[in-house]
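Survey of secondary and tertiary structure
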Amino acid sequence: METALVAACIAAGAAIVAAVVSWFGAFQNRRAADRDQAWRRLTWALRADRPRAEHDISRAVLERLMTVRWASKSDQDLARRALRRHVRPDPEMEDP
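Here's what I pulled together on the structure shown here. Note that this is a predicted model, so its numbers are computed, not measured. Starting afresh in each chain, residues are numbered from 1 along the sequence in its written order. For a predicted model such as this one, the threshold for reporting local features is a pLDDT of at least 70, and the threshold for listing and counting side-chain atom pairs is 80 or more; totals across whole chains, interfaces and linings nevertheless cover every residue. Values reported for side chains reflect all heavy atoms of the structure, with hydrogen atoms and water molecules removed beforehand.

Comments concerning the overall build of the protein chain
Which entries qualify depends on this criterion: Numbering goes from the N terminus for both helices and strands, where a helix is a DSSP run of H or I of at least four residues and a strand is a run of E of at least two. Between buried and exposed lies partly exposed: a residue is buried under 20% and exposed over 50% of the maximum accessible area for its type, with that area taken using a 1.4 Å probe on protein chains only. Accessible surface area values rest on a Shrake-Rupley calculation with a 1.4 Å probe, where residue burial reflects the displayed protein chains alone.
Within the protein chain, the secondary structure is distributed over three helices and zero strands. Secondary structure of the protein chain in N-to-C order comes out as α-α-α. By residue count, 23% of the 96 residues in the protein chain fall in the buried class. Of the roughly 7600 Å² that the protein chain leaves accessible, carbon and sulfur atoms contribute 60%.

Here you go:
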């Protein structure tokens, strides 16, 4: 009976460790997906060849990237610096 109790405690400990490892893996996976999404938004927003309407949307994307809760501090700083360098399109260059 004592052997069964020890085996049950080992199994319970292993289950707890597996649950923690699984949770941490899911957390890291979600964080990686969020960062990938932020990177895609940032690179889209920084594209140079865009009409006026798209330019306004890309500025809004950069502004939102500075404040989203899941972006790291370095990602938010990157969006802030990119927004400072974001150039408005020349209205004379646009197609009518």
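Things to note about the pattern of salt bridges
A side chain of one charge can pair with a side chain of the opposite charge if their charged atoms are brought near each other. How we decide: One side-chain nitrogen of Lys or Arg within 4 Å of one carboxyl oxygen of Asp or Glu is enough to make a salt bridge.
Under the defined criterion, the tally for this structure stands at four salt bridges. One salt bridge in this structure joins Arg30 and Asp34, with 3.5 Å as the shortest N-O distance. Remark: Asp34 and Arg30 occur in helix 1 (residues 2-45); sequence separation between them is four residues, near one turn of the helix. Since its relative accessible area comes to 54%, Arg30 is described here as exposed. Put simply, Arg40 and Asp36 hold a salt bridge, and the shortest N to O gap is 3.0 Å. With Arg40 and Asp36 both in helix 1 and four residues apart, this pair spans about one turn of that helix. Assessed through its relative accessible area of 37%, Asp36 is described here as partly exposed. Taken together, the shared-partner salt bridges in this structure form one network comprising Lys73, Asp77 and Arg80.

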